[in-house]
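# Secondary and tertiary structure notes
Read off the chains here:
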Amino acid sequence: TRTLDTSEIFVTILFVMTDIVTFSKILSDETRWRILRLIKQEALCVCELADILEMPQSSVSSHVQVIRKAGLLESEKREKWTYFRLEARYLRPIARLEAFFHEDNANPPWRDDEEKMGKRLEERADSCCPGPILLKPRRPRTITGSNKR
């Protein structure tokens with residue numbers, strides 16, 4: 001039986017996410033922005049994110065914890081892995097920011113991230129990561145860009 005510590009949620013939502021400066025700081029780091037883009041629709045664990053971003057797991061984990069503490073993530077613990085996905089209520093604000101700044105997946109790092117994610121998810125069944133059960137993809141995954149591999 002799982003219990004939910006509502007005090008942490010209350011504190012996070014009331015005191016952190018009502019602060020536009022804190023929200024902006026979360027989005028202002030390129031690595032955190034790349035992570036948010038990857039976990040908008042698909043739940044990923046830190047080792048999958050590290051593989052996709054080609055960064056050490058410790059660095060990716062630190063960024064994920066900053067985003068998590070700000071209340072932007074939902075998570076699912078499965079065995080020794082925790083899978084993270086962007087909370088549904090932040091999909092629209094993030095999409096509006098992308099549209100405002102004309103984020104149309106034309107930026108090579110983002111396009112490469114999505115392609116790497118597609119490859120990494122194809123390997124999930126044969127990897128150490130069992131994959132989430134409850135945090136199903138929000139929509140079918142498609143690889144964007146003209147140079148699909």
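Calculation notes
The residue numbers shown here count from 1 along each chain, following its written sequence. Local features in this predicted model are restricted to residues whose pLDDT is 70 or higher, and side-chain atom pairs enter the listing and the counts only when it is 80 or higher, whereas totals over whole chains, interfaces and linings include all residues. Processing note: side-chain calculations cover all non-hydrogen atoms of the structure and skip hydrogens and water entirely. Axes, fitted as lines to C-alpha atoms, cover a helix only where it is in contact. Angles between the N-to-C directions of the axes lie from 0 to 180 degrees. The helix count covers DSSP runs of H or I at least four residues long, the strand count covers runs of E at least two residues long, and both are numbered beginning at the N terminus. When an angle is under 35 degrees it counts as roughly parallel; over 145 it counts as roughly antiparallel; between 65 and 115 it counts as roughly perpendicular; any other value is oblique. Crossings are sorted by hand: turned counterclockwise from the far helix by less than a right angle, the near helix makes the crossing left-handed, and turned clockwise it makes it right-handed. Contact between two residues is taken to exist if any of their heavy atoms lie within 4.5 Å; hydrogens are not considered. Residues are grouped as follows: Ala, Val, Leu, Ile, Met, Phe, Trp, Tyr, Cys and Pro are nonpolar; Asp, Glu, Lys and Arg are charged; all remaining types, including Gly, are polar. Buried means the residue's accessible area, taken with a 1.4 Å probe over protein chains only, is under 20% of the maximum for its type, while exposed means over 50%, and partly exposed covers the values in between. At least two DSSP bridges between two strands are needed for those strands to be called paired.

The next subject is the packing of helix 4 (residues 46-53) against helix 5 (residues 57-69). When two helices pack together, their arrangement is captured by the angle between the axes and the distance separating the axes. The interhelical angle for the contact between helix 4 and helix 5, taken along N-to-C directions, is 115°, at an axis separation of 9 Å. As judged from the angle between their axes, helix 4 and helix 5 are roughly perpendicular. Taken as a pair, helix 4 and helix 5 cross one another with a handedness that is right-handed. Between helix 4, through Val-46, Cys-47, Leu-49, Ala-50 and Leu-53, and helix 5, the contact on the second element is made entirely by Gln-57, Val-60, Ser-61 and Val-64. Its residues assigned to classes, the contact of helix 4 with helix 5 comprises 7 nonpolar, 2 polar and no charged.

Attention shifts here to the pairing of strand 3 (residues 81-86). Most of strand 3 sits inside the fold, with 5 of its 6 residues counted as buried. Here 2 bridges tie strand 1 (residues 44-45) to strand 3, and the two strands are oriented antiparallel to one another. Each bridged residue has a counterpart across the sheet, and for Leu-44 the counterpart in strand 3 is Phe-84. As judged from the 6 bridges shared by strand 2 (residues 73-78) and strand 3, these two strands associate in the antiparallel manner. Directly across from Arg-78, in strand 3, lies its bridge partner Trp-81. Between strand 2 and strand 3, which pair antiparallel one after the other, the connecting turn spans 2 residues, and Glu-79 there sits at a positive phi close to 55°.

Among the structural elements, Lys-77 can be located in strand 2. The exposure class assigned to Lys-77 is exposed, which follows from its relative accessible area of 53%. Between the alpha carbons of Lys-77 and Cys-45 there is a distance of 9.5 Å; along the sequence they are 32 residues apart.

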